[in-house]
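A closer look at the structure
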Amino acid sequence: MRLPIRLAWRYAWTRRNRSLTHLISGISMFVIAAVTAAMIAILSAFNGIESVVTELFGTLDAPVAVVPTEGSSVPNGVGTWVMDRFGPESTNPVVQCAAAVIEDEAVVAWGDGQPHVVTVLGFDSTMLQAAPIESTLRSQTWNPEFTEGAACVALGLGVRNMLGIGSLDAEKGLPALQFRAPIRGRKLSRFKERAFHSESAYACDVFSVNAEIDRKYTLAPLDLARALFKRPESVTRFELGLAAEANEPEVARLIQDAIDAAGEPWRVRTRAEKNALITQTNRAEKWATFVILSFILVVAAFNVMASLTMLLLEKRQDIEVLNAMGLTGWRLEQVFAWQGVMINAVGGLVGAAVGIALVWGQQHFGWVKLQGSVIPAYPVELATGDVLGTLGVVVLIGGIGSGWMVRNLVRRFGAA
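Cut-off values and rules
- Residues numbered from 1 in each chain as written.
- Predicted model: local features only at pLDDT ≥ 70, side-chain atom pairs only at ≥ 80, totals over all residues.
- Heavy atoms only, no water.
- Helix = DSSP H or I, 4+ residues; strand = E, 2+ residues; numbered from the N terminus.
- Expected span 1.5 Å × (residues − 1).
- Buried < 20%, exposed > 50% of the residue type's maximum accessible area, 1.4 Å probe, protein only.
- Arc of directions from axis to C-beta.
- Contact = heavy atoms within 4.5 Å.
- Polar contact = N/O pair within 3.5 Å; in protein donor to acceptor, adjacent residues only side chain to side chain.
- Salt bridge = Lys/Arg side-chain N within 4 Å of Asp/Glu carboxyl O.
- Phe/Tyr/Trp six-rings, centres within 6.5 Å; stacked < 30°, edge-to-face > 60°.
- Pairing = 2+ DSSP bridges.

This part is about helix α9 (residues 248-262). Here α9 contains 15 residues, and its C-alpha end-to-end distance of 21 Å stays within 8% of the 21 Å for a straight helix at 1.5 Å per residue. Of all the positions in α9, only V251, A252, I255, Q256, A258 and I259 are classed as buried. Around the axis of α9, the buried residues are gathered within 160° of arc, so they sit on the same side. Projecting away from the buried face of α9 at angles above 90 degrees are the exposed residues P249, D260 and A261. Among the structural elements, β1 (64-68), α3 (78-86), β3 (95-110), β10 (237-242) and β11 (266-270) are those in contact with the buried residues of α9. Between a side-chain oxygen at the N-terminus of α9 and the backbone nitrogen of E250 the separation is 3.1 Å; the capping residue is N247.

Put into structure tokens, the structure is as follows:
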């Protein structure tokens, strides 16, 4: 006679010691749920950090840029070339605008103060359609109009502090700056002061993105950058503003295919590629943390195995009865193995629900604050892949561990 598994299950778990079974199972579920919730919350925190870093470091960049394959400049006609093929009036209107940008290093000084090396980022008004630069300015308006024969520039907050400039007040007089850039082909040892070209400008505004960018960049009109770096016929790159419905990787692939087909010495660089080091570092830390937490989950799985061991010891007489009733082999193992699977599955689902609730609450209410930061609350971002991956690890580790433990114990009891 073969006893159905459903009847054997009912017999095993209602025979006796029901309260002890529930207590041990509840403790095991709580441990699994706690670890699962922690994994989802921590992985979401890494996602939030990555999004914030990408946003902060991408404020001065468009989603896609055309840069030279070799050297440091592209011709002025590259922007027209791109717009003719992918602009609003083309057959494939995925690019909204192409902004010419010159980015290079120069020495800046204010009055008799100490000179400092900064990176001058020169662009025209087209750039405002491609990147949210105005949102970083204190005045919230980019106004590079010439004043008394000199252009206006916006200093990074860190650059302003290094130069020792106080508040910028047009009524009291704006600080006059002197920019100097090396002339290509002229050696400093031979030409001395004549190895540099100078341009004057007024510090009319201040911008702030993050500490690293603030200490490095100065925003300038494109005409000033052309004159300073002697680039009347070329620029460093063209930043491309994309249409609202355009997909960044897909647009980058389309433009790169067109460039390759034309045989031009340019390439497409996405915002993610420019910040690849930061993104890759954050992702490496995220997955390293995932592996570490998975080991903690293995420890929690041992707790489930210990609980199953205690349960099997309590049910030893019931196992003998079930053997006598005809339930042997893997069918008997299945009765008790499902208990471990259920503990892990229920604990994982409860933990996932708690973790999702914590992330949702942090996103909407900002429970964990960041004092003195440009971000008011700790950033988090929930990813479906993280939740499913965590649940997969919980069920896989718990299921395999429980099955192996039950198999060995049931066979040992059967042989005893």
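This part takes up the pattern of salt bridges. Summed over the entire model, instances satisfying the criterion amount to 8 salt bridges. Here R283 ties to E50 by a salt bridge, and the two come within 2.9 Å at their closest N and O atoms. Separated by 233 residues along the polypeptide, R283 in helix α11 (residues 276-314) and E50 in helix α2 (residues 18-57) bring together distant segments of the chain. Residue E50 is classed as buried on the basis of its relative accessible area of 15%. The partner of D386 in a salt bridge is K286, and the shortest N-O contact between them spans 3.2 Å. A residue pair is termed long-range when its members are at least 10 positions apart, and D386 in helix α14 (residues 384-415) and K286 in helix α11 qualify at 100 residues. The pair D386 / K286 is uniform in exposure class, with both members buried. What emerges from the salt-bridge pattern is a single network uniting D61, E103, R237, E239 and K274.

For the rest of this paragraph, the subject is unusual backbone geometry. In this structure, Q140 is a non-glycine residue whose phi angle is positive, near 65°. For Q140, a relative accessible area of 45% gives the class partly exposed. The backbone of K230 shows a phi angle near 55°, a positive value even though the residue is not glycine. Examined against the element boundaries, K230 turns out to sit in the loop between α8 (222-229) and β9 (234-235). Using a relative accessible area of 49% as the deciding quantity, one classes K230 as partly exposed.

Glancing now at the packing of aromatic side chains. Aromatic ring pairs are described here by two measures, namely the spacing of the ring centres and the angle between the planes. The full count for this structure, using the stated rule, is 5 aromatic pairs. Here the aromatic rings of W360 and F365 are separated by 5.7 Å at their centres, their planes lie at 75°, and the arrangement is edge-to-face. Residue class for W360 comes out partly exposed when judged on its relative accessible area of 45%. Ring pairing ties together the aromatic residues W360, F365 and W367, which thus form one cluster.

It is worth spelling out the pairing of strand β5 (residues 151-156) at this point. Most of β5 sits out of view: 6 of its 6 residues are buried. Inspection of the sheet shows β5 paired to strand β7 (residues 196-207) by 6 bridges, in the parallel sense. Paired with G156 across the bridge in β7 is F207. Where β5 and strand β8 (residues 217-221) come together, 2 bridges link them in antiparallel fashion. Bridge pairing links L155 to T218 in β8.

Attention now goes to the side chain of T119. Within the secondary structure, T119 is located in strand β4 (residues 116-123). Excluding its chain neighbours within four sequence positions, the residues that come into contact with T119 are E103, D104, E105, K216, Y217 and T218.

Residue position: D61 is located in the loop between α2 and β1. Placed 66 residues apart in sequence, D61 and M127 show a C-alpha to C-alpha distance of 8.9 Å. D61 has contacts with M127, A130, A131, R237, E239, R271 and K274, leaving out every residue within four places of it along the chain.

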